[in-house]
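Take a look at the letters that make up each chain.
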Amino acid sequence: MIEYDLTGLELADVRFAISPLNDLALSVRTFRDPGRYPLHLPWLRMTEADRAGLDVDVLRALTNDRLWTPDFLHPRPASPLTRIGEELDRVAALPLPVVRATLAEVHGDRLPAALSGRTDRVLRRVVRALGDYWDACFAPYWPRMRAVLEADVTHRGRVTAQRGLAAMFADLSPKIRLVDGVVQVTSSPQGGFRRTTTGAGLTLVPSLFSRGGSTPITPEQEPQVLYAARGVGTLWQSERVAAPGSLTALVGAARARLLVMLDAPASSTELGVRLGVTTTAVNQHLRALRAAGLLTSARHGRSVLYLRSGLGDRLLAAQSS
């Protein structure tokens, strides 16, 4: 059990952030055991040819049979706006003893051949391999991936505002809960620790490639919890939404689908991912529906959330009857 004591912590000190490097590093586990990540099989097929030209030996060596990855590839992100270049620069500047010790935590005394040799050269090879991997397999899909992560953060913020911090933590993962001001994360067999988050805060990081809650494995590292983001199942396929035929004839197929979907607040980026279309296309339809009085909208942080209005509810009910 790993525990973070939130005693004396302000609500604002529990923050969400998005880490491109976190998911980039965790995704190498799909190479070793794709059967554990069936939702990402379409992506693995789409990027198969692109991976052929990468330093796959290094990428595979960044995980072990237990699917652990080195903690230095999971630095605590500063905000939801963190960029991959910033994170790779942080990794490149790490003290070499930290890199060597962290690799040993994953592989023990027997480092894979791709990670053997002088640590400075190994680190440069790792950073170069990850950068190439990002350019080939992540950058073309990152806007879609980020939309899912941002939609998750927006959802968690709503849960916190409406039901409280304990409900939000309980909704993250069966492995995570908040008990008497202490965040408890059921850890892997590597052991556990307890530390206070006073002065450091606690960062929650949604992930597309996490299968549950996880944390750094030593108390010296900055407090953060990685958890599986909502909506990963929608990532590589568009959502099929059935709308009444009469409503489709009245407002068009795309706008009818949006009206059906917006029984709960959602952003244009989230809707675009769910429908498999661009955010620009979604925004055009949302503006038209709002102008007709069928939707309401409100800003929530960096996002604008849309919701079917009372008039929209009555129109959908009439067309469905």
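Please refer to the structure higher up on the page.
Residues numbered from 1 in each chain as written. Predicted model: local features only at pLDDT ≥ 70, side-chain atom pairs only at ≥ 80, totals over all residues. Heavy atoms only, no water.

Moving on to the sheet that holds strand β4 (residues 182-185). The 4 strands are arranged β3-β4-β1-β5 in an open sheet whose pairing can be described as mixed. The open sheet terminates on both sides in strands that have one partner only, identified here as β3 (176-179) and β5 (193-196). Neighbour-to-neighbour, the strand axes of the sheet open up by a mean angle of 20 degrees, direction not taken into account. By the bridge criterion, 4 bridges tie β3 to β4 in an arrangement that is antiparallel. By the bridge assignment, Ile176 is partnered in β4 with Val185. (Pairing = 2+ DSSP bridges. Helix = DSSP H or I, 4+ residues; strand = E, 2+ residues; numbered from the N terminus. Axes fitted to C-alpha atoms, helices over the stretch in contact; angles between N-to-C directions.)

With that settled, the discussion passes to helix α6 (residues 84-92). All buried positions along α6 are accounted for by Ile84, Glu87, Leu88 and Val91. Mapping the buried residues of α6 onto a view down its axis gives an arc of 95 degrees, with all of them on the same face. Elements that come into contact with the buried residues of α6 comprise α1 (20-26) and α8 (119-138). (Buried < 20%, exposed > 50% of the residue type's maximum accessible area, 1.4 Å probe, protein only. Arc of directions from axis to C-beta. Contact = heavy atoms within 4.5 Å.)

Attention now goes to the side chain of Glu87. With respect to the helices, strands and loops of the structure, Glu87 is situated in helix α6. Salt bridges are absent for the buried Glu87, whose nearest opposite-charge side chain, Arg90, sits at 5.4 Å. If sequence neighbours within four positions are ignored, Glu87 has contacts with Ser19, Pro20, Leu21, Asn22, Pro75, Pro77 and Thr82. (Lys, Arg positive; Asp, Glu negative; His and termini not counted. Salt bridge = Lys/Arg side-chain N within 4 Å of Asp/Glu carboxyl O.)

Bringing unusual backbone geometry into the picture now. For Leu67, which is not glycine, the phi dihedral falls at a positive 70 degrees. Residue position: Leu67 is located in the loop between α5 (56-61) and α6. Overall, Leu67 belongs to the buried group, its relative accessible area being 6%. With phi around 50 degrees, Asp180 is a residue other than glycine that occupies positive phi space. Inspection of the secondary structure assignment puts Asp180 in the loop between β3 and β4.

Their axes nearest at 10 Å, the elements α6 and α8 cross at an angle of 170 degrees. The pairing of α6 with α8 is recorded here as roughly antiparallel in orientation. For the pair α6 and α8, contact is made by Ile84, Leu88, Val91 and Ala92 and by Leu123, Val127, Leu130, Gly131 and Trp134, respectively. Each residue belonging to the contact of α6 with α8 can be placed in one class, and the counts come to 8 nonpolar, 1 polar and no charged. (Parallel < 35°, antiparallel > 145°, perpendicular 65-115°, else oblique. Nonpolar A, V, L, I, M, F, W, Y, C, P; charged D, E, K, R; others polar.)

With that settled, consider the pattern of salt bridges. Counted by the stated rule, this structure contains 13 salt bridges. Between Asp120 and Arg118 there is a salt bridge, with the nearest N and O atoms lying 2.6 Å from each other. In this structure, Arg124 engages Asp120 in a salt bridge whose closest nitrogen and oxygen atoms are separated by 4.0 Å. One end of the pair is Arg124 and the other is Asp120, both in helix α8 and 4 residues apart, which spans about a single turn. Among the ionic contacts, a cluster of salt bridges with common partners joins Glu3, Asp5 and Arg194.

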